[in-house]
Amino acid sequence: MSENPHLTLVLGGARSGKSAYAERLIAAYPAPWIYIATAEILDDEMRARVETHRQRRGENWRTIEAAQMLVEAIAEAPSDRPLLIDCLTLWLSNRLLAGADLSSDRAALIHVLSRRAAPTVTVSSEVGLSIVPDNALARSFRDAAGELHQAVSRIAGKVALVVAGNPLIVKDLPVI
């Protein structure tokens, strides 16, 4: 599959500034912007995180909730509007816990992302830089996240790793 110069993958740890950086990338294009949120609000802490993100984004964003149906949400999003997906690892976790076929999900996601012609930024948590998890579920998630990141990176025109609010550009192809 060929690289999509309109696709950017933004990776980073928890509270690294990856979402804010991704929002700035999308906001460089004319509004309105599309935001696909994959978080499920299951407790007060997550509710507060989501609210912080919403307040930072402002009114020019149209939010689509897609905790499970991310591929369908991307396919149905306006093809000519800038799109931000936050975040792939939350979606992956949702799918893993739902017992989904992660290999098929990954292939479908790569297919739909490769076809996007408008600026598209995906956010994901880099979880493979830490200790080896002590349980099978966590190791499965870590491995699936690494495989997903590699697959998205292969087709992305740009990849950034955000550390302490600073983006490190890992890959940068010219937009054609």
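Residues numbered from 1 in each chain as written. Predicted model: local features only at pLDDT ≥ 70, side-chain atom pairs only at ≥ 80, totals over all residues. Heavy atoms only, no water.

Summarising burial for strand β2 (residues 33-37): five of the five residues are buried, a large majority. Going residue by residue along β2, you find Trp33, Tyr35 and Ala37 tucked away on one face and Ile34 and Ile36 tucked away on the opposite face as well. Note: β2 against strand β3 (residues 61-65), five bridges, orientation parallel. Note on β3: the bridge partner recorded for tyrosine 35 is threonine 63. Regarding topology, helix α2 (residues 44-57) serves as the crossover connection from β2 to the parallel β3, and that connection is right-handed. Inspection of the sheet shows β2 paired to strand β4 (residues 83-86) by four bridges, in the parallel sense. When the sheet's bridge partners are listed, tyrosine 35 is paired in β4 with leucine 84. (Buried < 20%, exposed > 50% of the residue type's maximum accessible area, 1.4 Å probe, protein only. Helix = DSSP H or I, 4+ residues; strand = E, 2+ residues; numbered from the N terminus. Pairing = 2+ DSSP bridges. Right-handed = clockwise from strand over helix to strand, strands pointing away.)

Next up on the list: the packing of helix α5 (residues 102-114) against helix α6 (residues 136-155). Relative to each other, α5 and α6 sit at 20°, their axes nearing to 10 Å. Judged by the angle between their axes, α5 and α6 are roughly parallel. In this structure, α5 meets α6 at a crossing whose hand is right-handed. Contact with α5, carried on its side by Leu102, Arg106, Leu109, Ile110, Leu113 and Ser114, involves Ala144, Glu147, Leu148, Ala151, Val152 and Ile155 of α6 and no other residues of that element. Of the residues that constitute the contact of α5 with α6, the class distribution is nine nonpolar, one polar and two charged. (Axes fitted to C-alpha atoms, helices over the stretch in contact; angles between N-to-C directions. Parallel < 35°, antiparallel > 145°, perpendicular 65-115°, else oblique. Left-handed = near helix turned anticlockwise from the far one by under 90°. Contact = heavy atoms within 4.5 Å. Nonpolar A, V, L, I, M, F, W, Y, C, P; charged D, E, K, R; others polar.)

Let's shift gears to unusual backbone geometry. With an omega of 5°, the peptide bond between alanine 31 and proline 32 qualifies as cis. When you line up the elements, proline 32 lands in the loop between α1 (18-27) and β2. Residue cysteine 87 is bonded to the preceding aspartate 86 through a cis peptide linkage, with omega at 5°. Position of cysteine 87 relative to the elements: it lies in the loop between β4 and α4 (88-97).

Within α1, seven of the 10 residues are buried, leaving the element largely enclosed by the surrounding structure. Taken together, the buried positions of α1 are Lys18, Ser19, Tyr21, Ala22, Glu23, Leu25 and Ile26.

Bringing the environment of alanine 156 into the picture now. With respect to the helices and strands, the residue alanine 156 is situated in strand β6 (residues 156-163). On the basis of relative accessibility, which here comes to 0%, the residue alanine 156 falls in the buried class. Distance in space between the C-alpha atoms of alanine 156 and aspartate 172 is 8.7 Å, their sequence separation being 16 residues. Look past the residues within four positions of alanine 156 in its chain and what remains in contact with it is Glu3, Asn4, Leu7, Leu9, Lys171 and Leu173.

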